[in-house]
Amino acid sequence: MKIVAVTACPTGIAHTYMAADVLNKTAHQMGIKIQVETQGAMGIENFLTAKDIANADIVLIASDIEVEQRARFTGSRIHCVTIEEVLVDAIAVIERCQQLCQ
């Protein structure tokens with residue numbers, strides 16, 4: 001399974017990067033490939049390309065705000081959650097992604 005994810009919070013500082021870190025660590029522990037784009041105070045980092053998105057089974061958007069350039073994900077399977085959901089229980093979030101891909 002391959003997940004591409006975007007994390008973004010209103011201030012674009014701590015929670016954006018904390019969520020990205022938790023998703024990376026949790027997915028790795030679960031044996032799932034993940035690539036996480038952050039949309040924070042520094043702008044978009046680890047930008048997901050059209051190829052990255054096309055090769056993914058699902059797009060996970062973990063955000064409390066509207067993500068930039070969301071049109072890139074049109075036509076993809078998308079699962080949206082809050083930043084808090086990722087920080088509280090990243091395993092459950094990733095398991096839901098798996099279930100949506102079955």
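Nothing here was measured: the structure is a model prediction, and the numbers come from that model. (Residues numbered from 1 in each chain as written. Predicted model: local features only at pLDDT ≥ 70, side-chain atom pairs only at ≥ 80, totals over all residues. Heavy atoms only, no water.)

Colleague: Would you take a moment to explain the overall build of the protein for this structure?
Modeller: When its secondary structure is counted, the protein shows three helices and five strands. Sequence-ordered secondary structure for the protein, helices as α and strands as β, is β-α-β-β-α-β-β-α. Referenced to the eigenvectors of the C-alpha coordinate spread, the extents of the protein come out at roughly 35 × 30 × 20 Å. Considering only contacts in the protein between residues 6 or more positions apart, those separated by 24 or more positions represent 60%. A total accessible area of about 5500 Å² is found for the protein, and carbon and sulfur atoms account for 52% of it. For the protein, the distance from the average position of its 8 positive side-chain charges to the average position of its 12 negative side-chain charges is 9 Å. (Helix = DSSP H or I, 4+ residues; strand = E, 2+ residues; numbered from the N terminus. Contact = heavy atoms within 4.5 Å. Areas by Shrake-Rupley, 256 points an atom, 1.4 Å probe, with all protein chains shown as cover. Lys, Arg positive; Asp, Glu negative; His and termini not counted. Charge placed at Lys NZ, Arg CZ, Asp CG, Glu CD.)

Colleague: Honestly, the side chain of Asp 52 in this entry has me stumped. Any pointers?
Modeller: When you line up the elements, Asp 52 lands in helix α2 (residues 50–54). Among buried charged residues, Asp 52 stands out as having no salt bridge; its nearest opposite-charge side chain is Lys 2, 5.5 Å away. When neighbours within four sequence positions are excluded, Asp 52 is seen to be in contact with Val 4, Gln 35 and Phe 47. (Buried < 20%, exposed > 50% of the residue type's maximum accessible area, 1.4 Å probe, protein only. Salt bridge = Lys/Arg side-chain N within 4 Å of Asp/Glu carboxyl O.)

Colleague: What should I look at first to understand the sheet that holds strand β5 (residues 78–81) in this one?
Modeller: Where strands meet in a sheet, backbone hydrogen bonds hold them as pairs that are either parallel or antiparallel. Strand order in the open sheet formed by five strands is β3-β2-β1-β4-β5, and the pairing between neighbours is mixed. With partners counted over all chains shown, the strands left at the sheet margins are β3 (43–45) and β5, one partner each. In this sheet, neighbouring strand axes are inclined to one another by 15 degrees on average, regardless of whether the strands run parallel or antiparallel. Judged from the three bridges that link them, strand β2 (residues 33–40) and β3 form a sheet pairing that is antiparallel. The residue bridging Gly 40 from the neighbouring strand is Gly 43, located in β3. Together, β1 (2–8), β2, β3 and β4 (58–63) form the strand contacts of helix α1 (residues 14–29), whose direction differs from that of β2 by roughly 180 degrees. Sheet contacts for helix α3 (residues 83–100): β1, β4 and β5; angle to β5, the most-contacted strand, approximately 160 degrees. (Pairing = 2+ DSSP bridges. Axes fitted to C-alpha atoms, helices over the stretch in contact; angles between N-to-C directions.)

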